[in-house]
Amino acid sequence: MPPNALENLARIGQLKVEPRNNAEVQRMLDMARTRLADAQISRLSAEGRFTSAYNAAHAAALAALRWHGYRSENRYTVFQCLTHTLNWPAHQWRALDMAHQKRNLAEYEGYLEIEESHIAQLCALVTNLIRDVENVVSTTL
């Protein structure tokens with residue numbers, strides 16, 4: 001991680017500096033795990049499972065950002081910062097950005113067309129995201 005990347009984002013107003021709160025980080029991870037489990041309940045609608053998987057991704061990515069002492073009110077920025085908080089390559093966080101775009105279409109235009117394979121891929125990516133956040137949190141205690 002470039003040492004000043006998150007600081008630079010804070011300087012230009014994309015992030016807010018906020019002291020780490022370990023309890024909050026753990027609550028966000030718990031929320032991510034719960035929402036991921038919800039996303040894997042086959043009797044739920046595809047829309048409900050997608051939304052749960054997306055919300056799990058956001059909670060885990062926000063936990064990583066909060067662990068580093070920052071917060072963002074912009075969901076896109078939370079995902080984009082995974083490059084700096086977890087050293088995620090662009091193709092991984094961009095997959096979450098694509099889910100974010102689908103979520104926005106659903107929330108703001110009432111349009112969501114989602115395939116089962118997309119939900120499965122998102123769940124797999126979120127599983128990796130949660131694991132990576134847990135690893136960062138556990139190695140820096």
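Residues numbered from 1 in each chain as written. Predicted model: local features only at pLDDT ≥ 70, side-chain atom pairs only at ≥ 80, totals over all residues. Heavy atoms only, no water.

A. Local environment of the side chain of serine 72. In this fold, serine 72 is placed in the loop between strand S2 (70-71) and helix H4 (75-80). When near neighbours in sequence (up to four residues on either side) are disregarded, serine 72 contacts Gln14, Leu15, Leu65, Thr77 and Val78. (Helix = DSSP H or I, 4+ residues; strand = E, 2+ residues; numbered from the N terminus. Contact = heavy atoms within 4.5 Å.)

B. The environment of alanine 46, seen in detail. Relative to the helices and strands, alanine 46 is located in helix H3 (residues 46-67). According to the relative accessible area criterion, alanine 46 is buried, its value standing at 17%. Each C-alpha atom of the pair alanine 46 and aspartate 30 lies 22 Å from the other, and the pair is 16 residues apart in sequence. With sequence-adjacent residues up to four places away left out, alanine 46 is seen in contact with Ile114, Glu116 and Ile119. (Buried < 20%, exposed > 50% of the residue type's maximum accessible area, 1.4 Å probe, protein only.)

C. Examining the pattern of salt bridges more closely. Taken as a whole, this structure holds nine salt bridges when the rule is applied. Measuring nitrogen to oxygen at the nearest pair gives 3.0 Å for the salt bridge that ties arginine 66 to glutamate 24. Remark: glutamate 24 occurs in helix H2 (residues 22-39) and arginine 66 occurs in helix H3; sequence separation between them is 42 residues. Summarising the burial analysis for this pair, arginine 66 and glutamate 24 share the class buried. Here arginine 33 ties to aspartate 30 by a salt bridge, and the two come within 2.6 Å at their closest N and O atoms. Taken as a pair, arginine 33 and aspartate 30 lie in helix H2 at a separation of three residues, close to a single helical turn. Arginine 33 gets classed as partly exposed once you look at its relative accessible area, which sits at 31%. Since its relative accessible area comes to 40%, aspartate 30 is described here as partly exposed. Among the ionic contacts, a cluster of salt bridges with common partners joins Glu18, Glu24, Arg66 and Arg71. (Salt bridge = Lys/Arg side-chain N within 4 Å of Asp/Glu carboxyl O.)

D. How the structure looks around the packing of H2 against H3. With their axes 8 Å apart at the nearest point, H2 and H3 run at an angle of 160° to one another. As the angle between them shows, H2 and H3 are arranged roughly antiparallel. Here the hand of the crossing between H2 and H3 comes out left-handed. Residue-level contacts link Asn22, Glu24, Val25, Met28, Leu29, Met31, Ala32, Arg35, Leu36, Asp38 and Ala39 of H2 to Arg49, Ser52, Ala53, Asn55, Ala56, Ala59, Ala60, Leu62, Ala63, Arg66 and Trp67 of H3. When its residues are assigned to classes, the contact of H2 with H3 shows 14 nonpolar, three polar and five charged. (Axes fitted to C-alpha atoms, helices over the stretch in contact; angles between N-to-C directions. Parallel < 35°, antiparallel > 145°, perpendicular 65-115°, else oblique. Left-handed = near helix turned anticlockwise from the far one by under 90°. Nonpolar A, V, L, I, M, F, W, Y, C, P; charged D, E, K, R; others polar.)

E. Geometry of the packing of aromatic side chains. Tallied over the entire structure, the rule returns two aromatic pairs. Ring geometry for tyrosine 54 against phenylalanine 79: centres 5.8 Å apart, planes inclined by 70°, an arrangement best described as edge-to-face. Linking tyrosine 54 in helix H3 with phenylalanine 79 in helix H4, this pair joins segments that are 25 residues apart in sequence. Assigned by exposure class, tyrosine 54 and phenylalanine 79 land together as buried. Considering the side-chain rings of tyrosine 76 and tryptophan 93, the 5.8 Å spacing of their centres and the 75° angle between planes classify their relative orientation as edge-to-face. A residue pair is termed long-range when its members are at least 10 positions apart, and tyrosine 76 in helix H4 and tryptophan 93 in helix H6 (residues 90-109) qualify at 17 residues. Across the ring face of tryptophan 67, the terminal group of arginine 20 is positioned such that the distance to the ring centre comes to 3.6 Å. (Phe/Tyr/Trp six-rings, centres within 6.5 Å; stacked < 30°, edge-to-face > 60°. Lys NZ or Arg CZ within 6 Å of the ring centre and 35° of its normal.)

F. Fine view of H3. A rise of 1.5 Å per residue sets the reference length of H3, with its 22 residues, at 32 Å; its end C-alpha atoms lie 32 Å apart and thus fit the reference within 8%. One or two positions beyond H3, positive phi appears at glycine 69, with a value near 90°. (Expected span 1.5 Å × (residues − 1).)

Just distances and angles here, no functional claims.
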